[in-house]
Amino acid sequence: MIIIGAGISGIGCAAYLRRKQPTKSWCILEGREDLGGTWDLFRYPGIRSDSDLYTFSYEFKPWKSDKAIAGAAEIKAYIAETADEYDIRPHIRFQRKVVRCTWSSETALWTVTAVRTDTGEEETWLGRWIFSATGYYDYDKGYRPDFPEEQAFAGPIIHPQHWPEDLDYTGKRIAVIGSGATAVTLVPALADKAAHVVQVQRTPSYVMPLPERDGLLSFARLLPTKALTHRLMRKKNIVQRHLFWSLCQRYPNVMRKLIRRMNAANLPADFPIDVHFNPPYDPWQQRLCAVPDGDLYKSLSSGRASIVTGHIKRFVQTGIEMQSGEVVAADIIVTATGLNIKMAGGIAYAVDGKPVVWSDHAIFRGMLLDGIPNFALCIGYTTNSWTLKVSLLCDYFCQLLGEMDRRGKTVCVAERPSGGMALRPLLDFGAGYVQRSLNSLPKQGEDFPWMMTFSYGSDVKMMKRASVVLPEMKLSGATAGPSA
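Notes on the structure in this doc start here.

Definitions and cut-offs
- Residues numbered from 1 in each chain as written.
- Predicted model: local features only at pLDDT ≥ 70, side-chain atom pairs only at ≥ 80, totals over all residues.
- Heavy atoms only, no water.
- Pairing = 2+ DSSP bridges.
- Helix = DSSP H or I, 4+ residues; strand = E, 2+ residues; numbered from the N terminus.
- Axes fitted to C-alpha atoms, helices over the stretch in contact; angles between N-to-C directions.
- 1 Å grid on protein atoms, 1.4 Å probe; cavity = no way out; pocket = protein on both sides within 12 Å on 5 of 7 lines; lining within 4 Å.
- Points joined across faces, edges and corners; volume = space filled by probe spheres on them.
- Nonpolar A, V, L, I, M, F, W, Y, C, P; charged D, E, K, R; others polar.
- Expected span 1.5 Å × (residues − 1).
- Buried < 20%, exposed > 50% of the residue type's maximum accessible area, 1.4 Å probe, protein only.
- Arc of directions from axis to C-beta.
- Contact = heavy atoms within 4.5 Å.

**Some words on the sheet that holds strand β16 (residues 327-329)**
Read from one edge to the other, the open sheet built from three strands follows the order β14-β15-β16, with strand pairing classed as antiparallel. Of all the strands in the sheet, the pair left with one neighbour each is β14 (312-316) and β16. Looking at each pair of strands side by side, their axes are set apart by 25° on average, direction ignored. As paired elements, β14 and strand β15 (residues 319-322) share four bridges and run antiparallel to each other.

In structure tokens, the structure reads:
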């Protein structure tokens, strides 16, 4: 088996195989020089998870830090510790950028072509299965719209995905364009050293304060083992987050007022909340931005940071001119304008010589695609911790491998109903990076097992309720070659 990607999904898959399918042979191909995926790629100041680490961590490995919201370095260290505990690192082949994967029904094998980024050499790997753990972000290029008259600006223009390690912004005036999690993270982090930071946003996002240390932790640590502590904290946060999301769906106006009240309680009385913290959409139509210990509010209240809401007219030599005529003075402009989606890492796939067009396929049980044999795709939640979904998928994947072994089968492919079925976009989420890429993604059906669910509770019930192998899954017999 070949796992593509050594981020939190790929390392998670390998750990599950170690724990539940220890006889399987596998390797991980990783294009970067180190593991960690997203948490190795992004280096901008303040980078952190906006999900709590009790649910973002693996269910089998307790999160031991006091911080419920943690930075990239801590998360990467946790992933590395998992890799070492399960002896995964020796099976990772770093600096292997996978460029092509081809399936042959004659041999029932995938041929994976990778280019070594250190030497430029091309390598070929054979595997019975591919587990694609590349996520869905474009690791090479973030989303970067063109702004009018950019060339007029005298200073550097930086995208957070390509943050210069040697950038000294001490005493500088910085304009951060954007309103999402990256911008909300950057503003207080930069304000510690910058002369002043201005967040320039076209449309506000929902922002909510969260404690960096969970209030239940002191009680939970009285339990006999770290595993029990982790289980309690994880369960509490799953229930709490689901309850909040459900209330947002059922009572959006009430929740909008509640979030506004939280913002008002953390900002000066005269702060124009309805200008800068009043999105035109309902809560959780896009992801909420977490503010650990109110760091953004503190920067705004102290005067080290400010917000300008409106449309950008053009860049000028000294900063950004808004449509209102206001000029935001800046020595550095940061374009926290979002990410691009790149399905399966941008790798070219083919089945029996026919190129795979992702939008022609439908997701099955959240991880298989109809018509593509022995291929598992790992996409986490968008409205919850990514890893909650990863854990369910990896656990099911191990069950599927075990059941195929029991039946003496080596090939699995999902088949769409012969009469056809209604299809809709894979991700029902309003974020710009999702909306820009919907046409290039696989589709989903209207009901299980063709539905891409985003409720952890519902997914847990479905996994327990449904058989490992369903009628839509065609299994075929053994052939010579690798066992996994």
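**Quick notes on the layout of surface pockets**
Computed from the structure, the second largest pocket encloses a volume of approximately 710 Å³. In this structure, the second largest pocket is lined by 24 residues; those nearest its centre are Glu59, Arg234, Ile238, Tyr456 and Val460. Those elements that provide at least two residues to the lining of the second largest pocket are α1 (8-20), α7 (226-250), α11 (386-407) and α13 (456-465). Per-element accounting of the lining of the second largest pocket gives the leading share, eight residues, to α7. Of the residues belonging to the lining of the second largest pocket, the class tally is 11 nonpolar, five polar and eight charged.

**Things to note about the environment of Ile11**
Mapped onto the secondary structure, Ile11 falls in helix α1. Ile11 sits 312 residues away from Gln323 along the chain, and the two C-alpha atoms are 47 Å apart.

**Description of empty space enclosed by the protein**
Scanning all chains against the criterion turns up three cavities of 30 Å³ or more. The volume enclosed by the largest cavity comes to roughly 100 Å³. Lining the largest cavity are Arg365, Gly366, Lys389, Leu392, Leu393, Phe448, Pro449, Met451, Thr453, Asp459, Met462 and Met463. For the lining of the largest cavity, the elements supplying multiple residues, two or more each, are α11 and α13.

**Quick word on helix α8 (residues 252-265)**
Here α8 is 14 residues long and its end C-alpha atoms lie 20 Å apart, about the 20 Å a rise of 1.5 Å per residue gives. Turning to α8, its buried residues are Pro252, Met255, Ile259 and Asn263. In a view along the axis of α8, the buried residues occupy a sector of 80°, so they form one face of it. For α8, exposure combined with an orientation more than 90 degrees from the buried face picks out Asn253, Val254, Lys257, Arg261 and Ala265. Looking at the packing, one finds that the buried side of α8 touches β11 (207-210), α7, α9 (273-276) and α10 (295-302).

These figures capture arrangement, not role.
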